[in-house]
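# Results of the structural survey
For reference, the chains in residue letters:
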Amino acid sequence: MNTKMTKPNIVVLTGAGISAESGIKTFRDNDGLWENHRIEEVATPEAFHANPDLVYRFYNARRTQLQQASVKPNAGHKALSKLEAHIGKNLLLVTQNVDDLHERGGSQNVVHMHGELKSARCGDSGKRFEWLDDFDGTTACPCCGRNTLRPDIVWFGEMPMHMDSIYDALAMADIFISIGTSGNVYPAAGFVQVAKEAGAFTIEANLAFGATNALFDESRQGLATEVVPKLVDDLIAQFN
């Protein structure tokens with residue numbers, strides 16, 4: 001795109017591809033596993049009911065991994081923070097990732113539609129709490145005192161978070177950007193269609209074309225650490 005505009009409304013959707021270069025394994029590797037576990041074993045309400053100890057251990061390990069010194073935001077995360085610095089609240093960053101690398105990279109207007117690793121949720125009230133340590137079925141919930149805590153993760157079969165605010169932003173978007181996503185997981189895979197119908201210019205930045213590539217006005221292929229900074233610089237150059 002080459003039309004000058006002043007602080008456009010931009011919605012950015014990010015997936016596992018932007019965090020892979022920071023040492024976070026993608027949610028579903030090519031072998032269909034997530035950290036050597038079948039998705040059905042660790043990422044469904046049925047799995048939690050059938051084997052809660054395994055599910056607690058799995059997310060405790062992911063939380064520990066996320067806090068290792070070697071896991072840091074990369075150039076892709078930092079570039080999106082740079083974009084936000086230029087247009088402020090006109091940018092909504094929607095991530096499917098459960099890590100906090102966007103925030104650590106400097107982004108502030110971030111919504112996690114699939115939950116967060118460094119958080120726990122009361123299974124009864126739905127209240128969420130920042131949580132950095134391990135917890136399990138014997139841990140008392142801060143809001144009710146009972147053993148109701150669960151990982152603050154949206155599992156398959158559950159409704160993603162912040163959907164109303166996401167769709168409101170998509171309806172007003174001038175630009176929609178999808179970064180590091182496969183285009184296979186709904187409802188996120190449908191965001192490009194919603195944005196396009198609202199008149200947004202749509203951009204895909206991915207290691208390979210995603211399943212919804214045909215819906216994008218522009219596509220850029222490559223590593224997030226290379227493609228995203230260049231994309232952000234090109235966008236900023238278009239702003240007055």
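Everything below is about the structure printed above this text.
Being a predicted model, the structure only gives us computed values, none of them experimental. (Residues numbered from 1 in each chain as written. Predicted model: local features only at pLDDT ≥ 70, side-chain atom pairs only at ≥ 80, totals over all residues. Heavy atoms only, no water.)

## Observations concerning the side chain of Asp100
Selection criterion: Only DSSP runs of H or I with at least four residues qualify as helices, and only runs of E with at least two residues qualify as strands; both kinds are numbered from the N terminus onward. Whether two residues are in contact is decided by their heavy atoms: any pair within 4.5 Å suffices.
Assignment of secondary structure puts Asp100 in the loop between strand E4 (91-95) and helix H5 (101-104). When neighbours within four sequence positions are excluded, Asp100 is seen to be in contact with Leu66 and Lys118.

## Remarks on the pairing of E4
The condition that has to hold: Three labels apply to residues, based on accessible area from a 1.4 Å probe with only protein chains included: buried if under 20% of the type maximum, exposed if over 50%, partly exposed otherwise in between. A pair of strands is treated as paired once DSSP finds two or more bridges between them.
The buried fraction of E4 amounts to 5 of the 5 residues, a majority that puts the element mostly inside the structure. Summarising the sheet, strand E1 (residues 10-14) and E4 pair through 5 bridges and their orientation is parallel. By the bridge assignment, Leu13 is partnered in E4 with Val94. With 3 bridges connecting them, E4 and strand E5 (residues 110-112) associate as parallel partners. Within the sheet, the bridge partner assigned to Leu93 lies in E5 and is Val110.

## Looking at the sheet that holds strand E10 (residues 201-206)
The pairing of strands in a sheet happens through backbone hydrogen bonds and is either parallel or antiparallel. For the record, the criterion: Throughout, an axis means a line fitted to C-alpha atoms (over the contacting stretch in the case of helices), and angles, computed between N-to-C directions, take values from 0 to 180 degrees.
The strand order across the open sheet formed by 6 strands is E5-E4-E1-E9-E10-E11, and the pairing between neighbours is parallel. Of all strands in the sheet, those with a lone pairing partner are E5 and strand E11 (218-221), marking the two edges. For this sheet the average axis-to-axis angle between neighbouring strands, irrespective of direction, equals 15°. Across the sheet, helix H4 (residues 75-87) touches E1, E4 and strand E9 (175-179), and the angle it forms with E4 is around 150°. Against the sheet, helix H6 (residues 163-171) touches E1, E4, E5 and E9, its axis set at about 135° to E4.

## A look at the pattern of salt bridges
Under the convention used in this document: Each reported salt bridge corresponds to a side-chain nitrogen of Lys or Arg within 4 Å of a carboxyl oxygen of Asp or Glu.
All told, the structure shown has 14 salt bridges when counted by the stated rule. For Glu40, the salt bridge identified is with Arg38, shortest N-O distance 3.6 Å. Note on Glu40: relative accessible area 48%, which makes it partly exposed. As a salt-bridge pair, Asp100 and Arg104 come within 3.2 Å of each other at their nearest N and O atoms. The class for Asp100 is buried, based on a relative accessible area of 11%.

Take it as geometry only, folks, not as evidence of what the structure does.
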